[in-house]
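# Commentary on secondary and tertiary structure
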2 protein chains.
Amino acid sequence: MIERIPNLLRAHGIKPSHHRIKVYEYLVEKRNHPSVDMIYQELVQNIPTLSKTTVYNILNLFLEKGLAVMITIDENETRYDADTSLHGHFRCNNCQGIYDLRLDPAAWEWESLDGFEINESHLYFKGLCPECCH
Amino acid sequence: MIERIPNLLRAHGIKPSHHRIKVYEYLVEKRNHPSVDMIYQELVQNIPTLSKTTVYNILNLFLEKGLAVMITIDENETRYDADTSLHGHFRCNNCQGIYDLRLDPAAWEWESLDGFEINESHLYFKGLCPECCH
DNA sequence: TTCATTTTTGTAATCATTCTAAATTTATAC
DNA sequence: GTATAAATTTAGAATGATTACAAAAATGAA
Ligand SMILES: [Mn+2]
Ligand SMILES: [Mn+2]
Ligand SMILES: [Zn+2]
Ligand SMILES: [Zn+2]
């Protein structure tokens, strides 16, 4: 289990440094679509010398190597997701939580996309989550 | 035709100042999902005293009054759209153009959204547009 | 060890957006 | 009309996320 992440990083052409493993661990354990700052604030508690630039560098490397995707559901802060499969997101305007929406990939194939070559797909909803609807 | 826009603004509770009319005119005529800077660079040619802050103010007012929507398909610059109907967008990674995708609203009603109260829906695709696929 | 390469760090720079207070314009009262 | 109040616009400073950059530290091979 503890050995899985280094191998996964290596499989994506990423040398598994301690910091990189910790960032990836954060993404897969929390599954909270964090911002750079959320990751930094958590990891800096155990890695006091951690630089926020390092978190940026690592996340950009993950994006480049296809190990994570960027979520732009928040207008002024990039969020990250280690789940690179095709799925949608919902952001609650009250509790600010970002939830996964499991969607049928077939529903994503729109006829109006004929002629376009698709590299990325993003589906975002915003509103109130079930708990915040009280 | 020239009188329609002031009335539309008034209907949305917006006093139709000259600047506001010009910004709205830009949005509906160009239909290019512009950034603040794109609007500013165009309008400042005829309104030399125009401030970029004014463009920000006006667009934020439009968003607040439901006269336009914010498009976050570009990671580092907000885009705006005067078409507030439910439709998707495609951004070409080559020519940087943003295209409308007319989609069947029925297809947006996912069963996994039960319990969520939806205020906004965004569907973005990125890749190559038909022309850039050569 | 030595030396080269990679990774991390701290700080400065960039850039989009917001804040703020003054200036200008527009509307209202007299 | 003028005076006054309110709304709009403006310029520049402040903010905040992200990137650039160059030095420091860690890693790994010879
Ligand atoms: Mn997700
Ligand atoms: Mn559109
Ligand atoms: Zn909520
Ligand atoms: Zn194109």
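Residues numbered from 1 in each chain as written. Chains lettered and ligands numbered in written order. Predicted model: local features only at pLDDT ≥ 70, side-chain atom pairs only at ≥ 80, totals over all residues. Heavy atoms only, no water.

Position of B:Gly127 relative to the elements: it lies in strand 5 (residues 117–128). In this structure, the C-alpha to C-alpha distance between B:Gly127 and B:Ala82, residues 45 residues apart in sequence, is 24 Å. When near neighbours in sequence (up to four residues on either side) are disregarded, B:Gly127 contacts A:Glu117, A:Asn119, B:Phe90, B:Arg91, B:Cys92, B:Asn93 and B:Asn94. (Helix = DSSP H or I, 4+ residues; strand = E, 2+ residues; numbered from the N terminus. Contact = heavy atoms within 4.5 Å.)

Right, let's talk about the interface of chain B and chain A for a bit. Every contact between the two is made by 32 residues of chain B and, on the other side, 32 residues of chain A. Where chain B abuts chain A, roughly 3,000 Å² becomes buried across the two surfaces, and 67% of that area is made up of carbon and sulfur atoms. When the area that chain B buries against chain A is broken down by residue, the three leading residues are B:Trp110, B:Phe116 and B:Phe125, summing to 21%. Applying the counting criterion to the chain B and chain A interface returns zero salt bridges. At the boundary of chain B and chain A, one finds nine residue pairs in polar contact (both at pLDDT 80 or more). Secondary-structure elements contributing two or more residues to the side of chain B that touches chain A are strand 4 (98–101) and strand 5 of chain B. The element that contributes the greatest number of residues to the side of chain B that touches chain A is strand 5 of chain B, accounting for 12 residues. (Buried area = accessible area lost by both parts, 1.4 Å probe. Salt bridge = Lys/Arg side-chain N within 4 Å of Asp/Glu carboxyl O. Polar contact = N/O pair within 3.5 Å; in protein donor to acceptor, adjacent residues only side chain to side chain.)

All right, on to the coordination of the manganese ion (ligand 2) then. A metal bound by six donors in octahedral fashion has ideal angles of 90 or 180 degrees, whereas one bound by four tetrahedral donors has an ideal angle of 109.5 degrees. All names here are of chain B. The manganese ion (ligand 2) binds to the protein through His33 (NE2), Asp81 (OD), His87 (NE2), His89 (NE2) and Asp100 (OD); the donor distances cover 2.0 to 2.3 Å. Every donor residue of the manganese ion (ligand 2) comes from the same chain, spaced as H-x47-D-x5-H-x1-H-x10-D. Pair noted here: histidine 89 is in strand 3 (residues 88–92) and aspartate 100 is in strand 4, with a separation of 11 residues, a long-range link. For aspartate 100, a relative accessible area of 34% puts it in the partly exposed group. (Donors = N, O, S within 2.8 Å, 3.2 Å for Na, K, Ca; no water. Buried < 20%, exposed > 50% of the residue type's maximum accessible area, 1.4 Å probe, protein only.)

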